[in-house]
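Residue-level listing of the chains:
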Amino acid sequence: TELGRLGTALNEMLVQIEAGIREREATEAKLRRFVADAAHELQTPLAILQGELDNALQSPEIGSDEQQRYGMLLEELRNLKSVVQKLLILSHADEGRLKLNLEPVNLGELIHDAAEDLEIMAPELTTKIDAPEKLMIQADRALLNQIIRNMTSNAAKYTTPQGTVAFNLTTEEKTVRFTLSNSATPIPEEDRPLLFDRFHRVDKSRTTAGSGLGLSMAREIARAHGGNLVLDPAMEETVSFTLTLPAEEN
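Model, not experiment: these values are computed from the prediction.

Visitor: Go over unusual backbone geometry, please, and point to the residues and values.
Guide: Even without glycine at this site, Glu173 takes up a positive phi of about 55 degrees. Take Glu173: it is sitting in the loop between strand E4 (164–172) and strand E5 (175–183). Of note, Glu237 is a non-glycine position whose phi angle comes to about 60 degrees, a positive value. Position of Glu237 relative to the elements: it lies in the loop between strand E6 (228–231) and strand E7 (238–246). For Glu237, a relative accessible area of 54% translates into the label exposed.

Shown next as structure tokens:
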């Protein structure tokens, strides 16, 4: 009798757990669909607003308060467009609908271009690069460039003053490895497992621009290519990320 009651209770518990899981999955699916639809619908009005602000920026006297206000609004609008684009990519990845336009891409060229841009963005930093000029892979050029730009942008923001950023690109058997390291305060242990969570930010009080979506988006793009993006093991005064991608088959 007692075993029968226990069995009945366990069965009821399993039914409730299964129902809870189904309900949660349905809720998450609806939320993903809402985010995708909202991001898609926002693209057109944001593009129109950007066009209007671009035009408005040409009217006031150069250097005037009015022109500066328009410039500030335009920059905020661009940031909002970037967030919408990232949300759209993430929602497509969640639903398995992230389409890749695969073509031969020179990863070495993209990385050298990013290093040159970093020297312009942050001339006070020391940039080191150890990467071949040419390393071809099959990838979606635009999406792959977003990963590299996100990694480079983070390095520019968070490298310690007068610090160093190192670009390293190698091939190991069937895998291409791109590691970007920068001198920085180590990421706290409690934040390391959460670093790729959406909207997670290590320093909640920092004023540096950012949505907390970049790393999550970059990792999803890497995984869609059959690779990955990871935070490397902690090192003293250095933060390092490694992007792995399938090498081009000969």
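Right, picking up where we left off after that structure.
Visitor: Give a description of the sheet that holds strand E2 (residues 126–130) that names residues and reports values.
Guide: With respect to topology, five strands assemble into an open sheet ordered E2-E4-E5-E7-E6, the strand pairing being mixed. The open sheet terminates on both sides in strands that have one partner only, identified here as E2 and E6. Between one strand axis and the next, the sheet turns by 15 degrees as a mean value, whatever way the strands run. With nine bridges joining them, E5 and E7 adopt antiparallel strand pairing. Bridge pairing in E7 links Phe178 to Leu243. With respect to the sheet, helix H4 (residues 141–158) is in contact with E4, E5, E6 and E7, its orientation differing from that of E5 by roughly 20 degrees. With respect to the sheet, helix H5 (residues 214–224) is in contact with E6 and E7, its orientation differing from that of E6 by roughly 140 degrees.

Reading the values: the criteria
- Residues numbered from 1 in each chain as written.
- Predicted model: local features only at pLDDT ≥ 70, side-chain atom pairs only at ≥ 80, totals over all residues.
- Heavy atoms only, no water.
- Helix = DSSP H or I, 4+ residues; strand = E, 2+ residues; numbered from the N terminus.
- Buried < 20%, exposed > 50% of the residue type's maximum accessible area, 1.4 Å probe, protein only.
- Pairing = 2+ DSSP bridges.
- Axes fitted to C-alpha atoms, helices over the stretch in contact; angles between N-to-C directions.
- Contact = heavy atoms within 4.5 Å.

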